[in-house]
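# Summary of the model geometry
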Amino acid sequence: MMYPAQITLSFKQLINAASTGDFETKVFEDSYIEFLMQSQVYNPDRQYRTFSELKVAAPKSNSLHYKVGFAVGLHVQELGNRIPGVKDCLNRMPLPFEIYQLELIESDIQDRQQHEVAIIYTTPALTLLGLTGDRLLLAAPEQTSNSGAYDTFMLSLQPQLSVSSYKALQHEPALNGVAQLH
Amino acid sequence: MERKNFLRSLAVTAISAPVLLEACKKDATTPGATAAGTAAAEAACVLTDPDMDGPYPLYNSRGSAINRVNITDGKPGVPLNIDIKVQSVSRGCAPVTNARVDIWQCDKDGYYSGYVNNGYLGVQNNVGRLFGRGLQYTNSAGQVHFASIYPGWYPGRCAHLHVQIFIGTSLVLTSQIAFPDAINAAVYRTPLYAAHGQNPTTNYLDSIIRDSLATELATVTRNTSGGYDLTHVINIR
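All figures in this text were calculated on a predicted structure; none of them were measured in a lab. (Residues numbered from 1 in each chain as written. Chains lettered and ligands numbered in written order. Predicted model: local features only at pLDDT ≥ 70, side-chain atom pairs only at ≥ 80, totals over all residues. Heavy atoms only, no water.)

Residue and element names in this part refer to chain B. Position of Gln 105 among the secondary structure elements: in the loop between β3 (100-104) and β4 (116-119). Polar side-chain contacts of Gln 105 include one of 2.7 Å to the side chain of Ser 148. Leaving out residues up to four positions away in the same chain, Gln 105 has contacts with Ile 71, Ile 82, Tyr 112, Phe 131, Gly 132, Ser 148, Ile 149, Tyr 150, Pro 151, His 160 and Leu 161. (Helix = DSSP H or I, 4+ residues; strand = E, 2+ residues; numbered from the N terminus. Polar contact = N/O pair within 3.5 Å; in protein donor to acceptor, adjacent residues only side chain to side chain. Contact = heavy atoms within 4.5 Å.)

Okay, here's the thing in structure tokens:
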């Protein structure tokens, strides 16, 4: 990986019957009921019990990912563009997101305990300055210094976090000390 | 409470009685807990009442990003007021209150939100976008209102809206709403739509809708604001 680079990060939050927290509970409940409602289009006789079965029998049911996603849009909006539970290494700055997508992982029209969704949050473009161990060194979204040095933050790599887009920056910015990390 | 609900509540009580008795033994020192449990059981019976006209009490689309009147999301187009009335045939065409009405439509160029689609302007990735989609619950007159734009067209289809009606959590109707051909032609001559030209698929040439025009063709009239007013009645069982 070349530095510096412009990247976006995506974080996948799994929400299922075991999830706790107000946001997670609302998403779980509302996405399950919306699944029950919207899936009737593809399953009018209720002959398919799980989403996995339904996808095989009626491939158009893949539209349920985004149709169910609409049902939790206001809950996601209340997050204020901050990815829940993901902060920088100082545990101070939440990682921002710009867009989100709901993915139905599994569901069952008779057993809500089997219902599981993921919300995939994607950040705005971030400037990656380097990688040290398991930590990404990123330019802070808001720069406050006039000294020529960047305000930065560090983010730990974690299982549900992925680099979802990458673009090498052609020109080396005046990074002072940060440039030595290459 | 209707008779069958009353009978159902008796059945629930009969099934629950041994459980509640057992609970009494365990909570002998905390009588309040028993009362709370009984109240919760009664509340649960009310919440799951299938005879209610309205939305499932536990769910009113509270978190839905498309629970809104204005569905344009700033998309340009000729303004379109959409007024839909839902009636029940089995109740002498009485208005149906608290029915959830979902609608979705394409933009002026024939593109839908929500997914990647191909049209006369090329491929558009509209994942994560919501334009042209809304839901509302019918009022006491059985009516919902949306503010939208006149839909464009895409090959093979006449101008149309999609509509679904839910009672509680049950889907009772999936349908479409067509527009008069003459009005389509007039709108598609206006500046915002002219680049795409006229739609060769009129209502009669649309294989999906031509056999349903008796019930799916809306009344559309020009209004004094330069837009159009669409009114349509949907009859459900």
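What follows deals with the sheet that holds strand β6 (residues 133-137) of chain B. Hydrogen bonds between backbone atoms are what pair the strands of a sheet, whose relative direction is either parallel or antiparallel. Reading across from one edge, β6-β3-β8-β9 (chain B) is the order of the four strands in this open sheet, with antiparallel pairing throughout. Looking at the sheet topology across the chains shown, the edges are occupied by β6 and β9 (170-178) of chain B. Each adjacent strand pair in this sheet contributes to an overall mean axis angle of 20°, direction not counted. In this fold helix α1 (residues 22-38) of chain A packs onto β3, β8 (160-167) and β9 of chain B, with an angle of close to 75° to the strand it touches most, β3 of chain B. (Pairing = 2+ DSSP bridges. Axes fitted to C-alpha atoms, helices over the stretch in contact; angles between N-to-C directions.)

Turning to a nonpolar patch on the surface, a few remarks are in order. Where nonpolar side chains cluster on the molecular surface, the patch consists of Tyr 115, Val 116, Val 123 and Val 127 of chain B and spans about 330 Å² of accessible area. Tracing the chain through its elements places Val 116 of chain B in strand β4. (Patch = residues over 30% accessible without salt bridge, like charges linked within 9 Å, V, L, I, M, F, W, Y side chains within 5 Å. Areas by Shrake-Rupley, 256 points an atom, 1.4 Å probe, with all protein chains shown as cover. Salt bridge = Lys/Arg side-chain N within 4 Å of Asp/Glu carboxyl O.)

What follows is about the nonpolar core. Ranked by size, the top nonpolar core spans 37 residues in total, and within it Leu 9, Phe 23, Leu 64, Leu 95, Ile 119, Tyr 121 and Leu 138 of chain A carry the most contacts. Of all the elements, strand β1 (residues 5-16) of chain A adds the most residues to this core, at five residues. Not counting residues up to four positions away in its chain, the partners in contact with Leu 95 of chain A are Leu 9, Asn 81, Arg 82, Ile 83, Val 86, Lys 87, Thr 123, Leu 126, Phe 153, Leu 155 and Leu 161 of chain A. Counting residues in hydrophobic clusters, the runner-up holds 32 residues, among them Ile 71, Tyr 188, Ile 234 and Ile 236 of chain B. (Core = buried A, V, L, I, M, F, W, Y, C linked by side-chain atoms within 4.5 Å. Buried < 20%, exposed > 50% of the residue type's maximum accessible area, 1.4 Å probe, protein only.)

Time to look at the environment of Gly 63 of chain B. Relative to the helices and strands, Gly 63 of chain B resides in the loop between α2 (31-47) and β1 (79-88). Residues contacting Gly 63 of chain B, with those up to four places away along its chain left out, are Asp 30, Phe 70, Ala 71, Val 72, Gly 73, Leu 74 and His 75 of chain A.

Moving on, we come to the interface of chain A and chain B. At the interface, 17 residues of chain A touch 22 residues of chain B. Carbon and sulfur atoms make up 61% of the area that chain A and chain B hide from each other, which totals about 1,700 Å². Of all residues in chain A, Met 37, Tyr 66 and Phe 70 of chain A give up the largest surface area on contact with chain B, accounting jointly for 36% of the area buried on that side. The interface formed by chain A and chain B contains two salt bridges. Where Arg 100 of chain B meets Glu 34 of chain A, a salt bridge forms, and the shortest distance between an N and an O atom there is 2.7 Å. Connecting chain A to chain B are eight residue pairs in polar contact (both at pLDDT 80 or more). Broken down by secondary-structure element, the contributors of at least two residues to the side of chain A that touches chain B are α1, α3 (64-70) and α4 (73-77) of chain A. Sorting elements by how many residues they give to the side of chain A that touches chain B places α1 of chain A first, with seven residues. Grouping the amino acids of the side of chain A that touches chain B by side-chain chemistry returns eight nonpolar, five polar and four charged. (Buried area = accessible area lost by both parts, 1.4 Å probe. Nonpolar A, V, L, I, M, F, W, Y, C, P; charged D, E, K, R; others polar.)

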